[in-house]
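# Secondary and tertiary structure notes
These are the residues of each chain, in order.
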Amino acid sequence: MRVVVALGGNALQRRGEAMTADNQRANVKVAAEQLAAVTRLGHNLVMCHGNGPQVGLLGLQNDAYARHVDDKVTPYPLDVLGAQTEGMIGYMIEQELGNVLPFEVPLATILTQTEVDANDPAFKNPTKFVGPVYTKEEAEKLAADKGWTVKADGEYYRRVVPSPKPKRIFEMRPIKWMIEKGAVVIAAGGGGIPTMYQGDKLVGVEAVIDKDLASALLAREVDADYFVIATDVKTVFVGWGTPEAKAIRQAHPDEMDKLGFAAGSMGPKVEAACEFARLTGKKAVIGALEDIERIVKGEAGTVISTERPGIDWY
């Protein structure tokens, strides 16, 4: 099978964990072991990854430099920070995957630009979490000082930025060329670098594209047989964080639509999985990073498929 796996930014940099290179590499190693198992099963692997924590951290470093040097220094925009994270995270994934796969398996990280619509309503309603977590008091102070929008993310608070929907991935031709040559391809990192046309010129956009929606688009474009969204929870839950929480084993997209999920967390993952299942007739699965091998075998995660109606629970 051709399997597209989307790794969440929070799966690579866990909630509440210090945002260090060592911690991120340790999480990438866990991912690499699981992803290597997918290729050993004989599947063709294409990977995407989130970048919310990482792009937020680079933004903070940017701000610190601007304050240190000259308050008039303009910070690097989010599209440039997104490009930086594609290289940083892609490098770590390539290296750790290369350490567990045979030397002959080629690996390629492709810097990916994604087109968005300038009139997307997301620009008026920021929902995409970026950067580290804060207490409510810390977040409110930062919002006042920096003009940020902040929202609750579980028990913490984080900065949110616009997350317009992806329209087109510009590097699809080289991505397909690499896949045809048998490479493990890492593409559309962080949803891709947000870009749009101003007249006939392509320019960067101050936004972060949701990596799950971009990954679903990529999965459709490369004709994936299986689309996996790997995050930091084992399944999709209804009533998450309450005594009545229930885990979903398998569901039709129509059933998932009825349940409602938070826009800043599980919502885009469910939307992306449902979109892929509806448009392709194939399976999408949401589950834990450490369960990827079992997910591909059909033994774990929440399966979203049009194969049968209704919903099954664990």
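As recorded in an unreviewed UniProt entry, the protein chain goes by Carbamate kinase and comes from Chromobacterium phragmitis. Taken from UniProt, the Sequence similarities (unreviewed entry) comment for the protein chain reads in full: "Belongs to the carbamate kinase family."

Any two side chains of opposite charge can pair, on the condition that their charged atoms come close. As enumerated under the stated definition, the model contains 21 salt bridges in all. The salt bridge involving Asp291 is made with Lys234; its shortest N-O contact spans 3.0 Å. Placement of Asp291 in the loop between β15 (283-288) and α10 (292-296) and of Lys234 in the loop between β12 (226-231) and β13 (237-238) is noted, with a sequence separation of 57 residues between them. Take Asp291: its relative accessible area is 7%, and that puts it in the buried class. Between Arg294 and Glu299 there is a salt bridge, with its nearest N and O atoms 3.9 Å apart. Residue Arg294 is classed as partly exposed on the basis of its relative accessible area, which comes to 39%. Look at the salt bridges and you will find they share partners, linking Lys234, Glu290, Asp291, Arg294 and Glu299 into a network.

For the rest of this paragraph, the subject is helix α9 (residues 266-280). Within an α-helix, residues lying three or four positions from one another point in the same direction, as the helix has 3.6 residues per turn. Helix length check: α9 (15 residues) gives 21 Å between terminal C-alpha atoms against 21 Å at 1.5 Å per residue, within 8%. Count one or two residues on from α9 and you reach Gly281, which has phi positive near 75°.

Take the pairing of β12 next. Counting buried residues in β12 gives six out of six residues, a clear majority hidden from the surface. Neither face of β12 is open: one carries Tyr226, Val228 and Ala230, the other Phe227, Ile229 and Thr231, and all of them are buried. Across five bridges, the pairing between strand β1 (residues 2-7) and β12 is parallel. Its bridge partner being in β12, Val4 is matched across the sheet by Phe227. Relative to β15, β12 runs parallel, the two sharing six bridges.

The subject of this paragraph is the environment of Phe276. Within the fold, Phe276 resides in helix α9. Separated by 187 residues in sequence, Phe276 and Ile89 place their C-alpha atoms 25 Å apart. Leaving out residues up to four positions away in the same chain, Phe276 has contacts with Ala216, Ala219, Arg220, Ala224, Phe227, Gly281, Lys282, Lys283 and Ala284.

This part takes up the sheet that holds strand β4 (residues 113-115). Strand order in the open sheet formed by four strands is β8-β4-β10-β11, and the pairing between neighbours is mixed. Taken across any chain shown, the strands that pair with only one partner, and hence form the sheet edges, are β8 (168-169) and β11 (201-204). The pairing of β4 with strand β10 (residues 193-198) spans three bridges and is classified as parallel. The residue of β10 that forms the bridge with Glu115 is Thr195. Running at roughly 140° to β10, helix α4 (residues 78-100) makes contact with β10 and β11 of the sheet.

As a further point, take the packing of helix α7 (residues 211-221) against α9. Close contact between α7 and α9 brings their axes to 8 Å; oriented N to C, the two are set at 15°. By the angle class used here, α7 and α9 are roughly parallel. Relative to α9, the crossing made by α7 is right-handed. Residue-level contacts link Lys211, Asp212, Leu213, Ala216, Ala219 and Arg220 of α7 to Pro268, Lys269, Glu271, Ala272, Glu275, Phe276, Leu279 and Thr280 of α9. Across the contact of α7 with α9, the residue classes tally to seven nonpolar, one polar and six charged.

Rules and cut-offs
- Residues numbered from 1 in each chain as written.
- Predicted model: local features only at pLDDT ≥ 70, side-chain atom pairs only at ≥ 80, totals over all residues.
- Heavy atoms only, no water.
- UniProt positions renumbered as here; feature names shortened; annotations may be inferred.
- Salt bridge = Lys/Arg side-chain N within 4 Å of Asp/Glu carboxyl O.
- Helix = DSSP H or I, 4+ residues; strand = E, 2+ residues; numbered from the N terminus.
- Buried < 20%, exposed > 50% of the residue type's maximum accessible area, 1.4 Å probe, protein only.
- Expected span 1.5 Å × (residues − 1).
- Pairing = 2+ DSSP bridges.
- Contact = heavy atoms within 4.5 Å.
- Axes fitted to C-alpha atoms, helices over the stretch in contact; angles between N-to-C directions.
- Parallel < 35°, antiparallel > 145°, perpendicular 65-115°, else oblique.
- Left-handed = near helix turned anticlockwise from the far one by under 90°.
- Nonpolar A, V, L, I, M, F, W, Y, C, P; charged D, E, K, R; others polar.

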